[in-house]
Amino acid sequence: NWATDLAAGSQFGYRLLWVIGLSSLMAMLLQSLCCRLGIATRLDLAQACSQLLPRFCRIPLWLLAEVGIIACDLAELVGSAIALQLLFGLPLLWGVGLTAADTLLLLALQRFGIRRLEALVIALVALVGGCFAVEMLLLQPDWGQVGQGFLPQSASLRDGQQLFLAAGILGATVMPHNLYLHSALVNTRRWPEHPPTKPLLLRLASLDSVMALSFAFLVNAAILILAAGTFHGVVAEPVEDLRQAYTLLSP
């Protein structure tokens, strides 16, 4: 998200904000379908694929999902290592090891219940959101131009570089592991087996998913707005690297 939104904002200003909005709506739709699957069948997406699809479909789907998950995890692993280096001067290799260790620590926290783990993640994401709210107050962007950026522009799809970044934003927003995760998370809730309760459960699960993705949308939009307001038309080269962004945003 950082890489695609920084590049999009620094190169093209607010013009690709509509892609973030459309990608978020697409993620909301797909995750609500996964919630529907979990509530209706008590199967998560992986279990449903395993039980209901023929073998020639199952294996390629599994491999594609693994590639998608590994690609996302790799970006998060390297990004965390770079962050630790920027903040504390920690060597990258040490940062990678520490990030891997804290991932295992988070997994170990599951023994205390999924609700506590969710609360921790919500607190961390809220902290990130608060930081971006402060950045927006400092930046004071042109909200008229920001609003125009949310209007779909066909010209963006005819420009090769903008189309490339739009595909990157879509891929960073609609991620395969989230679909597998949310189809499983709905079954961690304790709810009665009576069929009449299922429509209510579906509405609550969809609301939960929409709220989470709406917050993610605000953070993603804030990254692009920050990059556009700070770098577009000011910095000659597009800002794509975390180290470069960190140095330029420091003042």
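Note: the structure precedes this text.
Residues numbered from 1 in each chain as written. Predicted model: local features only at pLDDT ≥ 70, side-chain atom pairs only at ≥ 80, totals over all residues. Heavy atoms only, no water.

Draft legend 1. Highlighting helix α11 (residues 198-231). For α11, which comprises 34 residues, the first-to-last C-alpha distance of 49 Å matches the rise-based estimate of 50 Å (1.5 Å per residue) to within 8%. Phi turns positive, to about 80°, at G233, one or two residues after α11. (Helix = DSSP H or I, 4+ residues; strand = E, 2+ residues; numbered from the N terminus. Expected span 1.5 Å × (residues − 1).)

Draft legend 2. Structural context of the side chain of S23. Note that S23 resides in helix α2 (residues 17-41). With sequence-adjacent residues up to four places away left out, S23 is seen in contact with I169, L170, T173 and V174. (Contact = heavy atoms within 4.5 Å.)

Draft legend 3. Highlighting the side chain of Q162. Checked against the element boundaries, Q162 lands in helix α9 (residues 160-173). Classification of Q162 by relative accessible area gives buried; the value is 4%. Side chain to side chain, Q162 and S156 meet in a polar contact 2.9 Å long. Residues within four places of Q162 in sequence aside, it is in contact with F12, R15, L16 and S156. (Buried < 20%, exposed > 50% of the residue type's maximum accessible area, 1.4 Å probe, protein only. Polar contact = N/O pair within 3.5 Å; in protein donor to acceptor, adjacent residues only side chain to side chain.)

Draft legend 4. Representation of helix α4 (residues 55-88) in the model. In a regular helix each residue adds 1.5 Å, so 34 residues correspond to 50 Å; α4 covers 49 Å between its end C-alpha atoms and thus fits that length. What α4 keeps buried is the set A65, C72, A81, I82 and L84. Looking at the buried residues of α4, the elements they touch are α5 (92-108), α10 (176-185) and α12 (242-249). Immediately downstream of α4, the backbone of G89 shows phi near 70°, a positive value.

Draft legend 5. Region of interest: the nonpolar core. Grouped together as the largest cluster of nonpolar side chains are 28 residues, with contacts concentrated most on L16 and L17. Among the elements of the structure, α1 (2-12), α2, α6 (114-139), α9 and α11 are those that each provide at least two residues to this core. Within the second largest apolar cluster, six residues are counted, among which are I39, V186, L201 and L202. (Core = buried A, V, L, I, M, F, W, Y, C linked by side-chain atoms within 4.5 Å.)

Draft legend 6. A look at unusual backbone geometry. Backbone geometry places R42, a non-glycine residue, at a positive phi of 65°. Position of R42 among the secondary structure elements: in the loop between α2 and α3 (45-52). Even without being glycine, Q140 reaches a positive phi, approximately 50°. Here Q140 is to be found in the loop between α6 and α7 (143-149). What makes Q140 exposed here is its relative accessible area of 56%.

Draft legend 7. View of the packing of α4 against α5. Where α4 contacts α5, the axes come no closer than 8 Å and their chain directions differ by 120°. What the angle tells us is that α4 and α5 run oblique. Of the two possible hands of crossing, α4 and α5 adopt the one that is right-handed. Along its contact with α4, which presents L77, S80, A81, I82, L84 and Q85, the element α5 presents L92, G95, V96, L98, T99 and A100. (Axes fitted to C-alpha atoms, helices over the stretch in contact; angles between N-to-C directions. Parallel < 35°, antiparallel > 145°, perpendicular 65-115°, else oblique. Left-handed = near helix turned anticlockwise from the far one by under 90°.)

Draft legend 8. The packing of aromatic side chains, seen in detail. Evaluated as defined, the whole model comprises two aromatic pairs. Between W2 and F132, the ring centres sit 5.8 Å apart and the planes meet at 35°, which makes this aromatic pair tilted. With W2 in helix α1 and F132 in helix α6, the pair connects residues that are 130 residues apart, well separated along the chain. Aromatic side chains F150 and F217 sit 5.9 Å apart centroid to centroid with 55° between the ring planes, which places their arrangement in the tilted category. A residue pair is termed long-range when its members are at least 10 positions apart, and F150 in the loop between α7 and α8 (154-158) and F217 in helix α11 qualify at 67 residues. (Phe/Tyr/Trp six-rings, centres within 6.5 Å; stacked < 30°, edge-to-face > 60°.)

Draft legend 9. A look at the packing of α4 against α12. It is the contact of α4 with α12, at a shortest axis distance of 10 Å, that shows an interaxial angle of 35°. Once α4 is placed against α12, the crossing between them reads as right-handed. Residues G79, I82, Q85, L86 and L87 of α4 form the contact with α12, whose own contacting residues are L242, R243 and Y246. Here the residues of the contact of α4 with α12 are counted per class, giving five nonpolar, two polar and one charged. (Nonpolar A, V, L, I, M, F, W, Y, C, P; charged D, E, K, R; others polar.)

Draft legend 10. The arrangement of the environment of V219 in detail. Along the chain, the position of V219 falls in helix α11. Counting along the chain gives 94 residues from V219 to V125, while the straight-line C-alpha distance between them is 9.1 Å. Once you skip the residues sitting within four places of it in the chain, V219 turns out to touch V128, G129 and F132.

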